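Below are the chains, spelled out letter by letter.
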Amino acid sequence: MYNLLKGKKGIIFGALDEKSIAWKVAERAKEEGAEFVLTNAPIAMRMGSIKELSEKTGAEIIPADATSMEDLTNLVEKSMEILGGKLDFVLHSIGMSVNVRKGKHYTDSNYDFTMKGFDVSALSFHKLMNVLYNKKAMNEWGSIVALTYMAAQRVFPDYNDMADNKAYLESIARSFGYFFGKEHKVRVNTISQSPTVTTAGSGVKGFEGFFNYAEKMSPLGNATALECADYTISLFSDLTKKVTMQNLFHDGGFSNMGISESIMKDF
Ligand SMILES: NC(=O)c1ccc[n+]([C@@H]2O[C@H](COP(=O)([O-])OP(=O)(O)OC[C@H]3O[C@@H](n4cnc5c(N)ncnc54)[C@H](O)[C@@H]3O)[C@@H](O)[C@H]2O)c1
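Thresholds applied
Residues numbered from 1 in each chain as written. Predicted model: local features only at pLDDT ≥ 70, side-chain atom pairs only at ≥ 80, totals over all residues. Heavy atoms only, no water. Pairing = 2+ DSSP bridges. Helix = DSSP H or I, 4+ residues; strand = E, 2+ residues; numbered from the N terminus. Axes fitted to C-alpha atoms, helices over the stretch in contact; angles between N-to-C directions. Contact = heavy atoms within 4.5 Å. Near = heavy atom within 4 Å. Polar contact = N/O pair within 3.5 Å; in protein donor to acceptor, adjacent residues only side chain to side chain. Areas by Shrake-Rupley, 256 points an atom, 1.4 Å probe, with all protein chains shown as cover. Nonpolar A, V, L, I, M, F, W, Y, C, P; charged D, E, K, R; others polar. Parallel < 35°, antiparallel > 145°, perpendicular 65-115°, else oblique. Left-handed = near helix turned anticlockwise from the far one by under 90°. Phe/Tyr/Trp six-rings, centres within 6.5 Å; stacked < 30°, edge-to-face > 60°. Buried < 20%, exposed > 50% of the residue type's maximum accessible area, 1.4 Å probe, protein only. Lys NZ or Arg CZ within 6 Å of the ring centre and 35° of its normal.

Asks: Got a minute to help me understand the sheet that holds strand β2 (residues 35–39) in this structure?
Replies: Pairing between sheet strands relies on hydrogen bonds along the backbone, with the strands arranged either parallel or antiparallel. Read from one edge of the open sheet, six strands run β2-β1-β3-β4-β5-β6, paired in parallel fashion. Across the chains shown, the open sheet's two edge strands, defined by having one partner strand only, are β2 and β6 (247–250). Averaged over all pairs of adjacent strands, the angle between strand axes in this sheet comes to 20°, irrespective of strand direction. Taken together, the five bridges between strand β3 (residues 87–92) and strand β4 (residues 138–148) define a ladder with parallel strand orientation. Residue pairing in the sheet places His92 in a bridge with Ala146 of β4. Together, β1 (9–13), β3, β4 and β5 (187–193) form the strand contacts of helix α6 (residues 111–134), whose direction differs from that of β3 by roughly 165°.

In structure tokens:
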């Protein structure tokens with residue numbers, strides 16, 4: 001390992017189980033010398049295995065519902081206490097659509113479900129940055145990353161209202177990225193990751209289909225959760241100081257493809 005995050009402190013949201021992208025980021029961050037706090041929704045504490053990760057990485061867990069300003073404020077304050085200072089990196093790795101969970105078709109959304117999913121998957125990123133910004137919780141040249149998916153730009157019918165949530169999330173990264181850059185020299189980016197076998201990913205109808213399709217379409221194949229973690233570490237490191245307000249595709253080339261020879265063979 002390269003000590004890329006030596007001396008850096010952060011908060012990692014969204015590690016539910018060992019398949020989670022955030023789980024891999026936590027393991028890689030530890031290997032690169034970082035110290036961090038793990039957080040997830042209180043309900044995920046009971047369902048997932050975050051305690052195992054906490055033991056493995058020596059990181060404390062502070063539960064927080066990412067839609068609650070109160071929880072987020074408590075999380076940021078306590079994290080700075082535990083870590084003994086301001087933060088250098090924050091990962092937002094959170095997504096959930098009630099319409100997807102309940103099998104509601106996009107053309108017949110339940111709008112209470114839509115609002116809940118929007119709050120969890122998109123607005124939570126704004127709320128989190130609001131707390132970090134106003135509490136001046138980030139060190140200069142810090143880095144904030146959220147995870148997204150290409151359905152924000154192109155239609156994947158079964159991705160449902162998560163497509164709209166991701167479009168909003170990416171827009172928040174640009175808008176907040178401006179203020180964070182100007183005021184605090186902090187960068188804000190989204191990583192647009194390949195389909196990945198995780199609890200959230202596999203919950204999307206027809207997931208296996210578009211996982212295999214993307215694999216055949218991408219010249220480098222789908223990016224794994226561990227590869228996504230590696231990329232995230234590079235964005236947390238000092239090697240990417242002037243990258244900000246970007247939506248960065250991490251997808252083996254998928255986003256620039258029209259058709260691949262491998263897919264052609266199937267027709
Ligand atoms: N898996 C994929 O195919 C894929 C592809 C591109 C982007 N992403 C994105 O990656 C991110 C992480 O997802 P994952 O695939 O690792 O799945 P995951 O299910 O392991 O992680 C999703 C996390 O969101 C957390 N969460 C849900 N509601 C919350 C709340 N109210 N407060 C705090 N946390 C809450 C869950 O507890 C869970 O830990 C998500 O933003 C997802 O949309 C996933």
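Asks: Please explain the site of the ligand as it appears in this structure.
Replies: Taken together, 27 residues lie near the ligand, and Ser20, Asn40, Lys166, Thr196 and Thr198 sit nearest. Within the backbone of Ile94, an N or O atom sits 3.0 Å from an oxygen atom of the ligand. In the model, an oxygen atom of the ligand is placed 2.7 Å from a nitrogen or oxygen of the Thr196 main chain. Look at the ligand: alone it shows 820 Å² of surface, and the protein chains cover 92% of it. When residues of the shell around the ligand are traced back to their parent elements, those giving at least two are β4 and α8 (199–202). The element best represented in the shell around the ligand is α8, accounting for three residues. For the shell around the ligand, a count of residues per class yields 13 nonpolar, twelve polar and two charged.

Asks: Honestly, the packing of helix α1 (residues 21–31) against helix α10 (residues 225–236) in this entry has me stumped. Any pointers?
Replies: Think of two packed helices as two axes; the pair is described by the angle between the axes and how far apart they sit. Here α1 crosses α10 at 55°, and the two axes come no closer than 8 Å. In terms of orientation, α1 and α10 fall into the oblique class. Considering the relative orientation of α1 and α10, their crossing is right-handed. Across the interface between the two elements, Ile21, Lys24, Val25, Arg28 and Ala29 from α1 touch Ala225, Leu226, Cys228, Ala229, Asp230, Thr232, Ile233 and Phe236 from α10. Of the residues that constitute the contact of α1 with α10, the class distribution is nine nonpolar, one polar and three charged.

Asks: What am I meant to see in the packing of aromatic side chains here?
Replies: For any pair of aromatic rings, the description consists of the separation of the ring centres together with the inter-plane angle of the planes. Enumeration over the complete set of coordinates arrives at 14 aromatic pairs. Ring centres of Phe156 and Phe210 lie 6.0 Å apart, and the angle between their planes is 55°; on these two criteria the pair is classed as tilted. Pair noted here: Phe156 is in the loop between β4 and α7 (162–184) and Phe210 is in helix α9 (residues 207–217), with a separation of 54 residues, a long-range link. Of the residues examined, Phe156 reaches a relative accessible area of 14% and is grouped as buried. With a relative accessible area of 15%, Phe210 lands in the buried category. Joined through ring pairs, the aromatic side chains of Tyr149, Phe156, Tyr159, Phe207, Phe210, Phe211, Tyr213 and Phe254 make up one cluster. When the ring centre of Trp141 is taken as reference, the NZ or CZ atom of Lys241 above it lies at 5.3 Å.

This is a description of form; function is not addressed.
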